[in-house]
Amino acid sequence: MRPLVAGNWKMNHTPTSGETFIKELDGRMDKVDADVVVFPPFVTIPRVVEAARKTRIKVGAQNMFWKDKGAFTGEVSAEMLLDAGVEYVIIGHSERRNIFGESDELINLKLKSALKAGLKPVLCIGEKLEERESGMTMDRIKFQLNADLSGVDVENIVIAYEPIWAIGTGRTATPEQAEEVHGFISEFLGGGVKILYGGSVKPTNAYQLMVQPHIDGVLVGGASLKPDTFYDIILAGLKAFEEKR
Ligand code: PGA
């Protein structure tokens, strides 16, 4: 097993700065035995794919629409992403759910479309602060897994557990809190599915998170924007996985 370290750039990095990022990160990636994926904004993807071509860095998209083509202004299909050299796609990020009103039904359609095209979806799930505080965390997780994965073969899916209260807030779930939910998800899905943790992951907490038995990697937002910091998180993952072997 190798750690999967994913960088969700959100609405950051132009084509030019994205290319520079890949060159800088690749300069350090020599002996890195980890799966490393960056998720640039759509317009930045082609330059990043080009820069990453001869490296071990893989490229994902942050979103997609579920229809193949047609009159859907502003949207991008799975097939377009695949043709652009993308391997992974984030589906159902909490910012898509909460700012852009994505429903579990829509997320389910997107997952099926991504898999049909041959992309690897990273499905994001997680509870709100009030759900955690009222003891509803596992119910929320179970609801999302049932709704989002209805009729979906989980074999080629990655799950990202991202407690909403921990995203971009500097407030990380403790390794124990994260492990509890990861263990629950793993059991719910019958094992064998990679489960990433996301929410204020930094070089200082990445090791403690990834050393947990059911944490298979991390989905990093803010701390993935600079190659140095992102690389330190990759190193933390390697150390944690060395320990878990
Ligand atoms: P953050 O974002 O690391 O900035 O909290 C994580 C995410 O939203 O995937």
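Reading guide: rules and limits
- Residues numbered from 1 in each chain as written.
- Predicted model: local features only at pLDDT ≥ 70, side-chain atom pairs only at ≥ 80, totals over all residues.
- Heavy atoms only, no water.
- Pairing = 2+ DSSP bridges.
- Helix = DSSP H or I, 4+ residues; strand = E, 2+ residues; numbered from the N terminus.
- Axes fitted to C-alpha atoms, helices over the stretch in contact; angles between N-to-C directions.
- Contact = heavy atoms within 4.5 Å.
- Salt bridge = Lys/Arg side-chain N within 4 Å of Asp/Glu carboxyl O.
- Buried < 20%, exposed > 50% of the residue type's maximum accessible area, 1.4 Å probe, protein only.
- Right-handed = clockwise from strand over helix to strand, strands pointing away.
- Phe/Tyr/Trp six-rings, centres within 6.5 Å; stacked < 30°, edge-to-face > 60°.
- Near = heavy atom within 4 Å.
- Polar contact = N/O pair within 3.5 Å; in protein donor to acceptor, adjacent residues only side chain to side chain.
- Areas by Shrake-Rupley, 256 points an atom, 1.4 Å probe, with all protein chains shown as cover.

Visitor: Sorry, what's going on with the sheet that holds strand β4 (residues 88–91) here?
Guide: What holds strands together in a sheet is hydrogen bonding between their backbones, with the strands either parallel or antiparallel. The eight strands lie next to each other as β1-β2-β3-β4-β5-β6-β7-β8, forming a closed barrel whose pairing is parallel. Across this sheet, the average inter-strand angle for adjacent strands is 25°, counted without regard to direction. In this structure, β4 lies alongside strand β5 (residues 120–125), joined through four bridges in parallel fashion. If you follow Tyr88 over to β5, its bridge partner there is Lys120. Together, β5 and β6 (158–161) form the strand contacts of helix α7 (residues 137–148), whose direction differs from that of β5 by roughly 150°.

Visitor: In this structure, what is going on with the pattern of salt bridges? I would like to understand it.
Guide: Where side chains of opposite charge bring their charged atoms close, a pairing between them can arise. This structure, assessed with the given rule, holds 16 salt bridges. The closest approach of N and O atoms between Glu242 and Arg245, which form a salt bridge, is 3.2 Å. By the burial criterion, Glu242 is exposed, and Arg245 matches it. Among the charged side chains, a salt-bridge network with shared partners connects Arg2, Asp33, Asp35 and Lys194.

Visitor: What am I meant to see in the pairing of strand β8 (residues 217–220) here?
Guide: Each regular strand carries side chains that alternate between the two faces of the sheet. Side chains Gly217 and Leu219 project from β8 onto one buried face, and the interleaved Val218 and Val220 project onto a second face that is buried too. Bridging between strand β1 (residues 4–8) and β8 involves four bridges; their strand directions are parallel. For Ala6, the partnering residue across the bridge sits in β8 and is Leu219. In the sheet, strand β7 (residues 194–198) pairs with β8 via three bridges, with the strands oriented parallel. Opposite Tyr197, over in β8, you have Val218 as the bridge partner. Between the parallel pair β7 and β8, the chain is carried across by helix α9 (residues 203–210), and the sense of this crossover is right-handed.

Visitor: Looking at this structure, how should I read the pairing of strand β3 (residues 57–61)?
Guide: Summarising burial for β3: four of the five residues are buried, a large majority. Relative to β3, strand β2 (residues 35–39) is paired through three bridges, and the arrangement is parallel. Across the sheet, Val37 pairs through a bridge with Lys58, a residue of β3. Where the polypeptide runs from β2 across helix α2 (residues 45–52) and back to β3, its parallel neighbour, the crossover connection is right-handed.

Visitor: Looking at this structure, how should I read the packing of aromatic side chains?
Guide: The geometry of an aromatic ring pair is captured by two quantities: the separation of the ring centres and the angle between the planes. For the coordinates displayed, the defined rule picks out six aromatic pairs. With centroids separated by 5.1 Å and ring planes inclined at 45°, the aromatic side chains of Phe65 and Phe72 adopt a geometry described as tilted. In this structure Phe65 comes out as buried when scored by relative accessible area, which is 16%. The exposure class of Phe72 is partly exposed, given its relative accessible area of 32%. An aromatic cluster of at least three residues, connected via ring pairs, comprises Trp9, Phe21 and Phe230.

Visitor: Just to check I follow, could you spell out the site of the ligand for this structure?
Guide: Close to the ligand lie 13 residues, the nearest being Lys10, His93, Glu162, Gly168 and Ser200. Lys10 places a polar side-chain atom, nitrogen or oxygen, 2.7 Å from an oxygen atom of the ligand. In the environment of the ligand, an oxygen atom lies 2.6 Å from a nitrogen or oxygen atom belonging to the backbone of Gly168. Relative to its unbound accessible area of 280 Å², the ligand is 95% covered by the protein chains.

Visitor: What is the right way to read the side chain of Ser200 from this model?
Guide: Among the structural elements, Ser200 can be located in the loop between β7 and α9. Look at Ser200 and you get buried, because its relative accessible area is 14%. A polar atom in the side chain of Ser200 sits 2.7 Å from the backbone oxygen of Ala166. Residues contacting Ser200, with those up to four places away along its chain left out, are Ala166, Gly168, Thr169, Gly170, Arg171, Thr172 and Asn205.

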